[in-house]
Amino acid sequence: MGIYLPIAEISVNVFVLLAMGAAVGFLSGMFGVGGGFLITPLLIFYNIPPAIAVATGANQVIASSFSGALSHVKRGTLDFKLGGVLLAGGIVGSTAGIFVFGFLRRLGQLDLFISLLYVVLLGTVGGLMLVESVNALRATRSGAAPVLKKPGQHNWIHRLPLKMRFRASKLFVSVIPVLGLGAGIGFLSSIMGVGGGFIMVPALIYLLKVPTNVVIGTSLFQIIFTSAYTTLVHATTNQTVDVMLAFLLMAGGVAGAQYGAKAGQRLRGEQLRALLALLVLAVAIRLAIDLFVTPPNLYSLSGVDLG
Amino acid sequence: MAGARAFVAAAWLTLSVVAALPAMAQTPPVENIQIGLSTDNVSITADFSGADLTIFGSLENADPLVARRGRYDVIVVLEGPARPVVVRRKDRVLGIWINLESETFENVPVSYSVATTRPLQDVTDPNSYKQLSLGASNLYMQPADAGDSPATIQEFTAALRERKAATGLYSENVGGVQFLSQNLFRATVRLAPNVPVGTHKARAFLFKSGLFIKESSAQLEIRKSGFEQSIFRVAHDYSFLYGVFAVSLAMLTGWLGRLVFRKD
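Residues numbered from 1 in each chain as written. Chains lettered and ligands numbered in written order. Predicted model: local features only at pLDDT ≥ 70, side-chain atom pairs only at ≥ 80, totals over all residues. Heavy atoms only, no water.

Chain B carries the name TIGR02186 family protein in an unreviewed UniProt entry, which gives Mesorhizobium metallidurans STM 2683 as its organism.

Looking at an unreviewed UniProt entry, one finds chain A named Probable membrane transporter protein, with Mesorhizobium metallidurans STM 2683 as its source organism. Here chain A is described in UniProt, under the heading Sequence similarities (unreviewed entry), as follows: "Belongs to the 4-toluene sulfonate uptake permease (TSUP) (TC 2.A.102) family." (UniProt positions renumbered as here; feature names shortened; annotations may be inferred.)

Visitor: Give me the UniProt feature "transmembrane region" (unreviewed entry) in chain B: which residues, what numbers.
Guide: Here the UniProt-annotated "transmembrane region" (unreviewed entry) positions come out as residues 240-261 of chain B. Helix and strand shares over residues 240-261 of chain B are 100% and 0% respectively, and the end C-alpha atoms of the span are 31 Å apart. (Helix = DSSP H or I, 4+ residues; strand = E, 2+ residues; numbered from the N terminus.)

Visitor: Lay out the nonpolar core with the relevant residues and their values.
Guide: Counting 81 residues, the largest nonpolar core has F37 and L43 of chain A as the members making the most contacts within it. With ten residues, helix α5 (residues 110-141) of chain A is the largest single contributor of residues to this core. Setting aside residues up to four positions removed in sequence, F37 of chain A forms contacts with Y118, L122, V194, F198, L276, V280 and V283 of chain A. Membership of the second largest hydrophobic core comes to 29 residues, among which are I44, V66, A187 and A204 of chain B. (Core = buried A, V, L, I, M, F, W, Y, C linked by side-chain atoms within 4.5 Å. Buried < 20%, exposed > 50% of the residue type's maximum accessible area, 1.4 Å probe, protein only. Contact = heavy atoms within 4.5 Å.)

Visitor: How would you summarise the pairing of strand β7 (residues 112-116) of chain B if you had to cite specific residues and measurements?
Guide: Residue and element names in this part refer to chain B. Among the five residues that make up β7, five are buried, leaving the element largely enclosed by the rest of the structure. Neither face of β7 is open: one carries Y112, V114 and T116, the other S113 and A115, and all of them are buried. Here five bridges tie strand β4 (residues 72-79) to β7, and the two strands are oriented antiparallel to one another. Paired with V77 across the bridge in β7 is V114. In this sheet, strand β9 (residues 170-174) lies alongside β7 in parallel orientation, the contact comprising five bridges. If you follow V114 over to β9, its bridge partner there is E172. (Pairing = 2+ DSSP bridges.)

Visitor: If you had to explain the environment of L134 of chain B to someone new, which residues and values would you point to?
Guide: All names here are of chain B. In this fold, L134 is placed in the loop between α4 (126-132) and β8 (142-143). The class for L134 is buried, based on a relative accessible area of 1%. A sequence separation of 71 residues divides L134 from F205, and the C-alpha atoms of the two residues are 9.1 Å apart. Apart from residues no more than four positions distant in its own chain, L134 is found in contact with I75, V77, Y112, Y129, F205 and F207.

Visitor: For the UniProt feature "transmembrane region" (unreviewed entry) in chain A, give the residues involved together with the corresponding values.
Guide: All names here are of chain A. As annotated in UniProt, the feature "transmembrane region" (unreviewed entry) corresponds to residues 12-45, 82-104, 110-131, 168-185 and 273-293 in the numbering used here. Strand forms 0% of residues 110-131 and helix 100%; the C-alpha atoms that close the span are 31 Å apart. Helix and strand shares over residues 168-185 are 61% and 22% respectively, and the end C-alpha atoms of the span are 22 Å apart.

The structure is reproduced here in structure tokens:
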């Protein structure tokens, strides 16, 4: 069944979009990530203009993060104060990102920049995760006890000034890295259409030493607001949010996420991380190939004021 | 004032009589062409996947002898609104394909569908097409920066036409114009699935034995209908409210999805 997307201005198949949403939702439920880093490239592969794929991807991420955050609120595994500080940074980063986005679009380099960011970020994060999880898998197989990080262990980040206490996370750290992390994620959110969970989660765990059980809830909380803000700004400055497209993806996504979460409980942590790493790397490699392979059309057309 | 007007009228009368007399004596009345659209607006709905638009037209004062020998040719063009377009070319930099060169053209018709009685090259000669600026390959594309080298402009103009044809926006339907009788014809022009909204102009050109005789035109409004149109309008006119709506819809969907599909 075809449907005409009012903003993207093309006809697409409803079932393809629902299936896409459901598949990504399943994976995001399984791995506890928003799924934006999968949705946006998938939409681009499906010939949705990148500018619209990014803005609509951000809109879609709200639904899955909201759904996920609700269950964390219920379980009390969400640090509102930490989330709030991350969010303050996120708004600044997101605003900067929107400006860069509009600038690159006028320059005709937006598509390239989006692809490059995806390849570099997904490649790095995927690679690191794969190494870490394979080591963990090997360690469990050889019977060695996993090395646990001691709560008292500190690094250079904990020596920065302007300290603040985050009770729910049992944390006393400087607000500088927290704001910076939030800003970085906000920037990526507006340029890549991702929530940024795949960077936020490891950063909170390894850099700020936030207890793992509050990490996902807090990350989802901040992602809701950053992507909501990104969606709003994209809608007002670039008019690139397609609600019809976003709704179809969300509808498939929220359904898939709940099943994915259940499936995820059957796998062990390091197995999950290894699978997620492979998935992230696969997306990065697919995008990288597109950068190097001779494109079928060397020429492209675009309007003067819009992409 | 009244005297001057009377003089002008008298002069016009004399002129026209002088002009008309020899014409009536020697040649038959000049042929004329008229076209009519069954509708002056086309709505694009959610399931729009392209369409054929039928345009009817008639010849006036057609010479039966010429018509019988099939020497009348009609070309019908449906031309979309003109907009500026940037054509970009990718080049390899350190192995990566990057948009490098670009050329901006002003007033490029977004779509251009042609229907003809016979292949274009059989109707008349290339020069006439150029003069009438008829046919996608004869459209004049005005570069925004006239200082660029002619070779560059030619290359990008060709690329522009090629991309437009590849996306179905520039199309040619040979045999798309059929004579139903000596005086009546029907033209079928294609509307691509991605046909742009706006005011389109339908034009019909009449040729007699390869000579251009007459042109007639009509306007056609293509717009998004109903729901899609409302969304598009709101997104552009009330973009902030639209954004708020998009965000709320996402939160509502997330909440409902959890209620419906909850597994924990």
